[in-house]
Amino acid sequence: MRNPRKYLVIGILSSLLVVLLLFNGGRELFRMAAAAERQNYEYAAVGAKLYAEYCMTCHGPRGEGVVGLPLNRPDLQGDPRDPLKADTLRMLMDTIANGRPGTSTPRWEKVDDKHYVSYTAMPAWGREAGGPLDEYQVQALAYFIMMGNQPVDPENPNSLTFWDAIGGTDFPAPPTNPPAEQGGIKATPIEEMPDATGLTPEENREAKLLIRDKINPSCLACHTIGNYGGAIGPDLTYVGTWGVDEEWLRRWISDPKSVPGDERMPVYWASSRLNAGPELDLSEGNKIVAEPSGFMPSYGDKLSPEEMDLLVRYLMGLGKK
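Residues numbered from 1 in each chain as written. Predicted model: local features only at pLDDT ≥ 70, side-chain atom pairs only at ≥ 80, totals over all residues. Heavy atoms only, no water.

Q: Any chance you could break down the overall build of the protein for me, citing the residues and the numbers?
A: Helix and strand counts for the protein stand at eight helices and six strands. Mapped in sequence order, the helices and strands of the protein form the string α-α-α-β-β-α-α-α-β-β-α-β-β-α. For the protein, buried positions account for 42% of its 321 residues. The contacts in the protein between residues at least 6 apart in sequence include a share of 66% that link residues at least 24 apart. (Helix = DSSP H or I, 4+ residues; strand = E, 2+ residues; numbered from the N terminus. Buried < 20%, exposed > 50% of the residue type's maximum accessible area, 1.4 Å probe, protein only. Contact = heavy atoms within 4.5 Å.)

Rendered as structure tokens:
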């Protein structure tokens, strides 16, 4: 009788050992999966800070696209470790590292009756291509783009998403300038601002006075025209060569936020193009990048139809020969 009992005990112990091994193995797999998910979020958090520093000016605070392509798109979203998303991750990392060809100055092409596509070049950001980012940082940016609509705190589904942490909604107004006697906008000699092709000398003079004196806030608070103006918004000296038409430009000036995102004319500008990038403390849920910035204001209710027409014709004539 001893042998059967012995075998029974051995069998029971063996079964318990198998169960224990299976339990520990399952727990280890769960632990590894949780660690991998935490690493995803750590990568995305690093990528969010890099995005705010290097990418926001061209791609927008919410990835809506400005001069650069929209990045907050369903086809780019997903788990970066999902094998089904491997091609997306690889494409993003390659584009970030090596850039994308295009023009060195802003350029849009009209692809149908309403929409424009930007053909402005994207610089290479990877170190092997001459950029400032190592492979880890390139990967972190790609993770951020793919996870941008996920909560910063994975254990709190109601926390800010990564895009919210960068973008926010309460941006400051465009900058004001000191009075003319302190070297402000009205001290700008209109005679040294460029004339636009297609306007009479009197129309050019009236357009310059409109830009310098009548529009509030003045276009020169953010934009350079010729040798004068600010550097927050894009240089408008050659806006007539950008490829947009009068009707579209009139819509943008009247109410820039009404222009569809896929048309990608800048409505948000950040001074990070001139400075070292901002620091984001995602753990505190900060919504706004700590730097001077502003949205393009709406001028539709600030200009008469005649003034709007003159402004659009002046801008469209800049840079043309």
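Moving on, there is more to tell.
Q: Residues and numbers for the pattern of salt bridges, please.
A: Throughout the structure, instances matching the rule amount to nine salt bridges. Between D75 and R73 there is a salt bridge, with the nearest N and O atoms lying 2.9 Å from each other. Accessibility expressed as a relative area gives 26% for R73, which makes it partly exposed. Salt bridges here are not isolated pairs; linked through shared partners, they connect E203, R250, D309 and R313. (Salt bridge = Lys/Arg side-chain N within 4 Å of Asp/Glu carboxyl O.)

Q: Describe the packing of helix 3 (residues 86–98) against helix 4 (residues 135–147), naming the residues involved and giving the relevant values.
A: Closest axis-to-axis distance for the helix 3/helix 4 pair is 9 Å, and the angle between their directions is 125°. With respect to helix 4, the element helix 3 is oriented oblique. Crossing angle aside, the handedness with which helix 3 passes helix 4 is right-handed. Contact residues: helix 3 offers T88, L89, L92, M93, I96 and A97, while helix 4 offers E135, V138, Q139, L141, A142, Y143, I145 and M146. Tallied by class, the residues present in the contact of helix 3 with helix 4 amount to 11 nonpolar, two polar and one charged. (Axes fitted to C-alpha atoms, helices over the stretch in contact; angles between N-to-C directions. Parallel < 35°, antiparallel > 145°, perpendicular 65-115°, else oblique. Left-handed = near helix turned anticlockwise from the far one by under 90°. Nonpolar A, V, L, I, M, F, W, Y, C, P; charged D, E, K, R; others polar.)

Q: Describe the packing of aromatic side chains, listing the residues and the values that go with them.
A: What the rule picks out here adds up to eight aromatic pairs. Seen from their ring centres, F144 and W163 are 4.7 Å apart, and the 65° between their planes marks the pair as edge-to-face. In this pair, F144 is assigned in helix 4 and W163 in helix 5 (residues 162–167), connecting sequence segments 19 residues apart. Residue W163 is classed as buried on the basis of its relative accessible area of 1%. The structure contains a cluster of three or more aromatic residues connected by ring pairs, namely Y41, Y51, F144, F162 and W163. (Phe/Tyr/Trp six-rings, centres within 6.5 Å; stacked < 30°, edge-to-face > 60°.)

Q: Provide a residue-level description of the environment of K208, including the pertinent values.
A: Tracing the backbone through its elements, the reader meets K208 in helix 6 (residues 201–214). The exposure class of K208 is buried, given its relative accessible area of 5%. In the structure, K208 is positioned 14 residues away from P194 in sequence and 8.8 Å away in space, judged by C-alpha atoms.

Q: Tell me about the side chain of H59, and name the residues and values.
A: Along the polypeptide, H59 turns up in helix 2 (residues 56–59). If near-sequence neighbours (up to four positions away) are discounted, H59 is found in contact with Y51, E64, G65, V66, G68, L69, L71 and M122.

Q: Which residues make up helix 4, and what values go with them?
A: In a regular helix each residue adds 1.5 Å, so 13 residues correspond to 18 Å; helix 4 covers 18 Å between its end C-alpha atoms and thus fits that length. Most of helix 4 is tucked away: 11 of the 13 residues are buried. Those residues of helix 4 not exposed but buried are Q137, V138, Q139, A140, L141, A142, Y143, F144, I145, M146 and M147. For helix 4, the N-terminal capping position is held by D134, with its side-chain oxygen 3.2 Å away from the main-chain nitrogen of Y136. (Expected span 1.5 Å × (residues − 1). Polar contact = N/O pair within 3.5 Å; in protein donor to acceptor, adjacent residues only side chain to side chain.)

Q: Which residues make up the layout of surface pockets, and what values do they have?
A: Of the voids in this model, the largest pocket is the one considered here, and its volume is about 640 Å³. If you go around the largest pocket, you meet 31 residues; those closest to its centre are C58, H59, G68, M122 and P123. Where the lining of the largest pocket is concerned, the elements lending two or more residues are helix 1 (2–54), helix 2, helix 3 and helix 4. Per-element accounting of the lining of the largest pocket gives the leading share, four residues, to helix 3. For the lining of the largest pocket, the class distribution of residues is 19 nonpolar, eight polar and four charged. (1 Å grid on protein atoms, 1.4 Å probe; cavity = no way out; pocket = protein on both sides within 12 Å on 5 of 7 lines; lining within 4 Å. Points joined across faces, edges and corners; volume = space filled by probe spheres on them.)

Q: Now, about the confidence of the model for the protein: what can you tell me, with residues and values included?
A: Of all residues in the protein, 69% attain a pLDDT of 70 or more, and the chain-wide mean is 77. Note on residues 267–278: pLDDT under 50 across the span, and 46 contacts to partners over four residues away in sequence or across chains. In this model residues 288–293 is a low-confidence stretch, pLDDT under 50, and it forms 23 contacts with partners more than four residues away in sequence or in other chains. (pLDDT = per-residue confidence, 0-100.)

Q: Break down the nonpolar core for me, with residues and values.
A: Counting residues in each nonpolar core, the largest one holds 37 residues, and the members touching the most others are I211, I225, I253, L311, Y314 and L315. Looking at this core, the elements that each hand over two or more residues are helix 6, helix 7 (246–254) and helix 8 (305–316). In terms of residues, this core owes the most to one element, helix 8, which gives seven residues. Among all residues touching I253, those that are not within four sequence positions of it are M296, P297, S298, Y299, G300, M308, L311, V312 and L315. Y51, W125, A140 and W163 belong to the second-largest nonpolar core, a separate cluster that totals 31 residues. (Core = buried A, V, L, I, M, F, W, Y, C linked by side-chain atoms within 4.5 Å.)

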